[in-house]
Amino acid sequence: LVRRHALLLKAICLLNEAEGDPKAEVSACLELWLHAEGQTCGSEDQPPLEARIAKWREAAGTTAGADSSVALGLLLLLQGPDSAAPQVFAEALRAPEDSASCFGGPARYAARWNMFGAVLAKRGLYKSALQAYGQALGHQPAYPRALMNSAVAHSEVGEHREAVACYAFVLGKIPI
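Keep in mind that what you see is a predicted model, and the values were worked out from it rather than measured. (Residues numbered from 1 in each chain as written. Predicted model: local features only at pLDDT ≥ 70, side-chain atom pairs only at ≥ 80, totals over all residues. Heavy atoms only, no water.)

### Thoughts on the overall build of the protein chain
Thinking step 1. Within the protein chain one finds nine helices and zero strands.
Thinking step 2. In the protein chain, the succession of helices and strands from N to C terminus is α-α-α-α-α-α-α-α-α.
Thinking step 3. Here the protein chain has a C-alpha radius of gyration of 17 Å; the compact-globule value for 176 residues is 16 Å, and the two agree.
Thinking step 4. By principal-axis analysis of the C-alpha atoms, the protein chain measures approximately 55 × 30 × 30 Å.
Thinking step 5. Counting only residues that meet the buried cut, the protein chain has 39% of its 176 residues in that class.
Thinking step 6. The contacts in the protein chain between residues at least 6 apart in sequence include a share of 46% that link residues at least 24 apart. (Helix = DSSP H or I, 4+ residues; strand = E, 2+ residues; numbered from the N terminus. Rg over C-alpha atoms; globule rule 2.2 N^0.38 Å. Buried < 20%, exposed > 50% of the residue type's maximum accessible area, 1.4 Å probe, protein only. Contact = heavy atoms within 4.5 Å.)

### Notes on the environment of valine 26
Thinking step 1. Structurally, the position occupied by valine 26 is in helix α2 (residues 22-36).
Thinking step 2. Residues valine 26 and leucine 78, spaced 52 residues apart in sequence, show a C-alpha to C-alpha distance of 8.9 Å.
Thinking step 3. When sequence neighbours within four positions are dropped, the list of residues in contact with valine 26 reads Ala11, Leu14, Leu15, Leu74 and Leu78.

### Concerning the nonpolar core
Thinking step 1. By size, the foremost hydrophobic cluster in this structure holds 45 residues, and its most contacted members are Leu8, Leu30, Leu74 and Phe89.
Thinking step 2. Going through the elements one at a time, α1 (2-17), α2, α3 (49-60), α4 (66-77), α5 (85-94), α6 (109-122), α7 (126-139) and α8 (144-156) are the ones with two or more residues in this core.
Thinking step 3. Ranked by the residues each element gives to this core, the list is headed by α4, at eight residues.
Thinking step 4. Once residues within four sequence positions are removed from consideration, phenylalanine 89 is found in contact with Val70, Gly73, Leu74, Leu77, Met115, Phe116 and Val119. (Core = buried A, V, L, I, M, F, W, Y, C linked by side-chain atoms within 4.5 Å.)

### Looking at the pattern of salt bridges
Thinking step 1. Under the definition given, this model contains four salt bridges.
Thinking step 2. The salt bridge partner of glutamate 31 is arginine 52, with a shortest N-O separation of 2.4 Å. Placement of the pair is glutamate 31 in helix α2 and arginine 52 in helix α3, with a sequence separation of 21 residues.
Thinking step 3. Classification of arginine 52 by relative accessible area gives buried; the value is 12%.
Thinking step 4. For glutamate 91, the salt bridge identified is with arginine 57, shortest N-O distance 2.4 Å. (Salt bridge = Lys/Arg side-chain N within 4 Å of Asp/Glu carboxyl O.)

### Re the packing of α3 against α4
Thinking step 1. Where α3 meets α4, the axes come as close as 10 Å, and the angle between the chain directions of the two elements is 150°. By the angle between their directions, the pair α3 and α4 is classed as roughly antiparallel. Remark: the crossing between α3 and α4 carries left-handed chirality. Listed contacts from α4 to Leu49, Glu50, Ile53, Ala54, Trp56 and Arg57 of α3 are Ser68, Ser69, Ala71, Leu72, Leu75 and Leu76.
Thinking step 2. Classifying every residue of the contact of α3 with α4 gives eight nonpolar, two polar and two charged. (Axes fitted to C-alpha atoms, helices over the stretch in contact; angles between N-to-C directions. Parallel < 35°, antiparallel > 145°, perpendicular 65-115°, else oblique. Left-handed = near helix turned anticlockwise from the far one by under 90°. Nonpolar A, V, L, I, M, F, W, Y, C, P; charged D, E, K, R; others polar.)

### Quick look at a nonpolar patch on the surface
Thinking step 1. Where nonpolar side chains cluster on the molecular surface, the patch consists of Met148, Val152 and Tyr167 and spans about 230 Å² of accessible area.
Thinking step 2. When you line up the elements, valine 152 lands in helix α8.
Thinking step 3. With a relative accessible area of 41%, valine 152 lands in the partly exposed category. (Patch = residues over 30% accessible without salt bridge, like charges linked within 9 Å, V, L, I, M, F, W, Y side chains within 5 Å. Areas by Shrake-Rupley, 256 points an atom, 1.4 Å probe, with all protein chains shown as cover.)

### Thoughts on the packing of aromatic side chains
Thinking step 1. The full count for this structure, using the stated rule, is two aromatic pairs.
Thinking step 2. Ring centres of tryptophan 33 and tryptophan 56 lie 5.7 Å apart, and the angle between their planes is 55°; on these two criteria the pair is classed as tilted. Residue tryptophan 33 is located in helix α2, and its partner tryptophan 56 is located in helix α3; the two are separated by 23 residues in the primary sequence.
Thinking step 3. Owing to a relative accessible area of 22%, tryptophan 56 belongs among the partly exposed residues under this scheme.
Thinking step 4. On the basis of an interplanar angle of 70° and a centroid distance of 6.2 Å, the ring pair of tryptophan 113 and phenylalanine 116 is categorised as edge-to-face. Of this pair, tryptophan 113 and phenylalanine 116 both sit in helix α6, three residues apart, which is roughly one turn of the helix. (Phe/Tyr/Trp six-rings, centres within 6.5 Å; stacked < 30°, edge-to-face > 60°.)

Dropping the structure here:
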């Protein structure tokens, strides 16, 4: 369980902090995650990772978990701004509660909303991103990442007082 969670979190980190090719590093990490989830077909001639995760999600139907949405969303983010990543991250928000998954438990609602906001902001949809960050902060009012992301989004839409308020609030919450 811990390994599965760690692999998914590592894939998220690699999206922005890969040492080399982010697509290769995120994909390799998600291959390990998928194997840890017990979703391997065992053949050398496998479909692409994205197709295997999508097929797994499709087979699960309405019970597809938030983690599989996040994993597929990460792969789609690597395809560029025209991908369906926002829709897939939105599906993570609607996923059934599953405390055994990394992003399925109630304690991770804020993280799901924050990720969705970050995907929207990456697409330049800052007003929509602010709504998502607001949902994240509704679940976890002092969530530093959502506060920082809100500050950036407020700045992008010219709401500088709101941005400063977010920065000031988060600075008061982070021990220095």
